[in-house]
Amino acid sequence: MLEIRCPACGAINRIPPARAGQPARCGRCKAPLATATAPVAVTDATFDAIVREAGTPVLLDCWAEWCA
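Structural notes, computed from the coordinates. Model, not experiment: these values are computed from the prediction.

## Focus: the environment of Pro32
- In this fold, Pro32 is placed in strand E4 (residues 32–33).
- By relative accessible area, Pro32 is classed as exposed at 54%.
- Between the alpha carbons of Pro32 and Ala8 there is a distance of 8.7 Å; along the sequence they are 24 residues apart.
- Setting aside chain neighbours within four positions, we find Pro32 in contact with Pro7, Ala24 and Arg25.

What follows is the structure in structure tokens.
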């Protein structure tokens, strides 16, 4: 199962792998979920909720605009 955090309410939604990339809505607030396997921007404010509380392994790519 894919676990996707709702950007609107923060609820964790479980999506079957077969539905990855298809449109989905949050079970709690009905907001659209990003089910594509595209990168998600993580900030200092969202790091704990997105990375530390993830139920699956997370690949984190750290970069800075000033670093070539």
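Next comes the rest of the description.
## With respect to unusual backbone geometry
- For Lys30, which is not a glycine, the phi torsion comes out positive at approximately 70°.
- Within the secondary structure, Lys30 is located in the loop between strand E3 (24–25) and E4.

## Overview of the nonpolar core
- Counting eight residues, the largest nonpolar core is built from Ile4, Cys6, Ala11, Ile15, Ala24, Cys26, Ala31 and Leu33.
- Ignoring any residue separated from it by four or fewer positions in sequence, one finds Cys26 in contact with Cys6, Cys9, Ala11, Asn13, Ala31 and Leu33.

## Quick notes on the pattern of salt bridges
- The final tally for this structure, using the stated rule, is two salt bridges.
- Here Glu53 ties to Arg5 by a salt bridge, and the two come within 3.5 Å at their closest N and O atoms. One end of the pair, Glu53, is in the segment after helix H1 (47–52); the other, Arg5, is in strand E1 (residues 2–5), with 48 residues separating them in the sequence.
- By relative accessible area, Glu53 is classed as exposed at 53%.
- On the accessibility criterion, Arg5 (27% relative accessible area) is partly exposed.

## Section: the pairing of strand E2 (residues 12–15)
- Residues Asn13 and Ile15 point to one face of E2 and are all buried, whereas Ile12 and Arg14, pointing to the other face, are not buried.
- Examined bridge by bridge, E1 and E2 share four bridges and lie antiparallel to one another. Its bridge partner being in E2, Leu2 is matched across the sheet by Ile15.
- Hairpin connection from E1 to E2: six residues lie between these consecutive antiparallel strands, with Gly10 at a positive phi of about 85°.

Parameters at a glance
Residues numbered from 1 in each chain as written. Predicted model: local features only at pLDDT ≥ 70, side-chain atom pairs only at ≥ 80, totals over all residues. Heavy atoms only, no water. Helix = DSSP H or I, 4+ residues; strand = E, 2+ residues; numbered from the N terminus. Buried < 20%, exposed > 50% of the residue type's maximum accessible area, 1.4 Å probe, protein only. Contact = heavy atoms within 4.5 Å. Core = buried A, V, L, I, M, F, W, Y, C linked by side-chain atoms within 4.5 Å. Salt bridge = Lys/Arg side-chain N within 4 Å of Asp/Glu carboxyl O. Pairing = 2+ DSSP bridges.

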